[in-house]
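The primary structure of each chain is shown beneath.
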Amino acid sequence: MTTTTPKSKREKLLRQNLVNRFVHWTTALAIFLLILTGFGQMPLYNRYNVTKLPGAEWLGDYFITINLHYLAAVLLIFVVFYHIINAFIRKEFDIFPRRGDFKESYLIIKAMITKCKEPPCGKYLAEQRLAYFYIGFNVLLLIITGLIKMYKNLPGVELPYSLLFWTTMLHNIGTVLLILGIIGHLAAFIFKENRALLPGMFTGYIDRNYAEHRHVLWCKKPESKGQVPFFTDEEHHDREQSRNETGHPGC
Ligand code: HEM
Ligand code: HEM
């Protein structure tokens, strides 16, 4: 008797396991709360009458926003540690930036605009690795400066003025850069080519054809146990040939 994989499973590939999804959405939630409550301490909501909106009064309460800021900070620090330790234990470094990412990123964007063939990519495109580095760098900057600001708030702690000045500056600059990064991250999904990745962050699975077309190097190497089999070298060769044939004539 032969066993066949259900069609729906064969057409999908597991891209984001539960750990990745947990890390992504916990980070997003913590950052959303930190931005919301951080602005409360500036204090923007009273000044611009946001607190007059129904249900938004609490945004003007310094005590509530600072405590929520601390709570979200703990969540963020926890998830960042968890992510780093998990990456090292499982040796999952696909998303870490590599040499040549800027050049590869340029080639991918050029290919998207001119409808030419993209260079073969692994699990993440070069610009995704760069986006990860950019967001990760700002998150670490905000954690370090945030911890110093927190320490300064302890009773009896006196820190030099220049240190406080630069800490506050960097905490604020990091906030602005992070917000721009998040806007850029979400704007990436305006492009149809990137949209097929969205279900991966919700259900874990993405369309198999899309993965084989866009993340061909990742599909060649089996990644996790229980994964639907990836294709062989011969199949890869055939696919590459058909990809070459279907490329835009002007490329
Ligand atoms: C505070 C908010 C968020 C932060 C800091 C954040 C951060 C990140 C980072 C660093 C990555 C990996 C690099 C990349 O693929 O660009 C990523 C991946 C991803 N994010 Fe977000 N994200 C946020 C919100 C969102 C939201 C609201 C969505 C959905 C609408 C989303 C959808 C995705 C998807 C689908 C991926 C995986 C792409 C793939 O499979 O390759 N993110 N996110
Ligand atoms: C995504 C990460 C974060 C964002 C966007 C963010 C944003 C902000 C903003 C806009 C402010 C108000 C301006 C200022 O006082 O400089 C602020 C204040 C502050 N943040 Fe953050 N923050 C983040 C992470 C953290 C973390 C991780 C910590 C602690 C470990 C922290 C601790 C503080 C403290 C202590 C203050 C000053 C409160 C006061 O004394 O009034 N922040 N943050």
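Quick notes on the rules
Residues numbered from 1 in each chain as written. Chains lettered and ligands numbered in written order. Predicted model: local features only at pLDDT ≥ 70, side-chain atom pairs only at ≥ 80, totals over all residues. Helix = DSSP H or I, 4+ residues; strand = E, 2+ residues; numbered from the N terminus. Buried ≥ 20, exposed ≤ 12 C-beta atoms within 10 Å, placed from the backbone. Contact = placed C-beta atoms within 7 Å. Axes fitted to C-alpha atoms, helices over the stretch in contact; angles between N-to-C directions. Parallel < 35°, antiparallel > 145°, perpendicular 65-115°, else oblique. Left-handed = near helix turned anticlockwise from the far one by under 90°. Nonpolar A, V, L, I, M, F, W, Y, C, P; charged D, E, K, R; others polar. Near = placed C-beta within 6 Å. Core = buried A, V, L, I, M, F, W, Y, C linked by C-beta atoms within 7 Å. Expected span 1.5 Å × (residues − 1). UniProt positions renumbered as here; feature names shortened; annotations may be inferred.

Participant: How would you summarise the overall build of the protein chain if you had to cite specific residues and measurements?
Facilitator: Of the regular secondary structure elements, the protein chain holds 12 helices and two strands. Listed by position from the N terminus, the elements making up the protein chain come as α-β-α-α-α-α-α-α-α-α-β-α-α-α. Relative to its full complement of 251 residues, the protein chain shows a buried share of 16%. Long-range pairs, those at least 24 residues apart, make up 70% of the contacts in the protein chain with a sequence separation of at least 6.

Participant: Outline the packing of helix H5 (residues 101-114) against helix H6 (residues 126-152), listing residues and values.
Facilitator: H6 packs onto H5 with a crossing angle of 125 degrees between their chain directions and a minimal axis gap of 7 Å. Classified by the angle between their axes, H5 and H6 sit oblique to one another. Read as a crossing pair, H5 and H6 show a hand that is left-handed. Here Asp-101, Glu-104, Ser-105 and Ile-108 of H5 come into contact with H6, specifically with Ala-126, Glu-127, Arg-129 and Leu-130. Within the contact of H5 with H6, the residues separate by chemical class into three nonpolar, one polar and four charged.

Participant: For the site of ligand 1, give the residues involved together with the corresponding values.
Facilitator: Contacts to ligand 1 come from 19 residues, most closely from Ala-28, Ile-31, Gln-128, Ala-131 and Met-201. Taken together, the elements giving at least two residues each to the shell around ligand 1 come down to helix H2 (18-40), H6, helix H7 (161-187) and helix H9 (198-202). The leading source of residues in the shell around ligand 1 is H2, at five residues. Considering only residue class, the shell around ligand 1 consists of 12 nonpolar, six polar and one charged.

Participant: Can you explain unusual backbone geometry? Please cite residues and give values.
Facilitator: For the bond from Met-42 to Pro-43, the omega torsion is -15 degrees, close enough to zero to count as cis. Looking at the element boundaries, Pro-43 is found in the loop between H2 and helix H3 (44-47). Look at Asn-49: it is not a glycine, yet its phi comes out positive at around 60 degrees. By the element assignment, Asn-49 lies in the loop between H3 and helix H4 (62-90). Phi angles above zero are rare outside glycine, and Lys-91 is one such case at about 55 degrees. As for its placement among the helices and strands, Lys-91 is situated in the loop between H4 and H5. A residue is classified by how many C-beta atoms lie within 10 Å of it, and Lys-91, with 6 of them, is exposed.

Participant: I'd like a rundown of the nonpolar core, residues and numbers included.
Facilitator: Counting 10 residues, the largest nonpolar core consists of Ala-30, Ile-31, Leu-34, Ala-72, Ala-73, Leu-76, Val-79, Val-139, Leu-142 and Leu-178. When contributions to this core are tallied by element, the ones reaching two or more residues are H2, H4 and H6. Residues contacting Ala-72, with those up to four places away along its chain left out, are Ala-30, Leu-33, Leu-34 and Thr-37. In this structure, Leu-197, Ile-206, Ala-211 and Val-216 belong to the second largest nonpolar core, which totals six residues.

Participant: Break down the site of ligand 2 for me, citing the residues and quoting the values.
Facilitator: What surrounds ligand 2 is a group of 23 residues, the closest being Leu-34, Gly-38, Ala-73, Gly-146 and Lys-149. Broken down by secondary-structure element, the contributors of at least two residues to the shell around ligand 2 are H2, H4, H6 and H7. Tallying contributions element by element places H6 first for the shell around ligand 2, with six residues. Its residues assigned to classes, the shell around ligand 2 shows 13 nonpolar, nine polar and one charged.

Participant: Requested: an account of H4, with residues and values cited.
Facilitator: The end-to-end C-alpha distance of H4 is 41 Å, a good match for the 42 Å that 29 residues give at a rise of 1.5 Å each. Within H4, the full set of buried residues consists of Thr-65, His-69, Ala-72, Ala-73, Leu-76, Val-79 and His-83. Packing partners of the buried residues in H4 comprise H2 and H6. The first or second residue beyond H4 is Lys-91, which carries a positive phi of 55 degrees.

Participant: Explain the UniProt feature "transmembrane region" (unreviewed entry) in the protein chain residue by residue, including any values.
Facilitator: In the numbering adopted here, UniProt assigns the feature "transmembrane region" (unreviewed entry) to residues 21-42, 62-89, 131-151 and 163-191. Within the segment residues 21-42, helix and strand shares are 91% and 0% respectively, and the terminal C-alpha atoms sit 32 Å apart. In this annotation, residues 62-89 is assigned 100% helix and 0% strand; the end-to-end C-alpha distance for the span is 40 Å.

Participant: Now, about H6: what can you tell me, with residues and values included?
Facilitator: With 27 residues, H6 extends 39 Å between its outermost C-alpha atoms, agreeing within 8% with the 39 Å of an ideal straight helix rising 1.5 Å per residue. Of all the residues in H6, the buried ones are Ala-126, Glu-127, Gln-128, Arg-129, Asn-138, Val-139, Leu-142, Thr-145 and Gly-146. Summarising the contacts, the buried residues of H6 are in contact with H4, H5 and H7.

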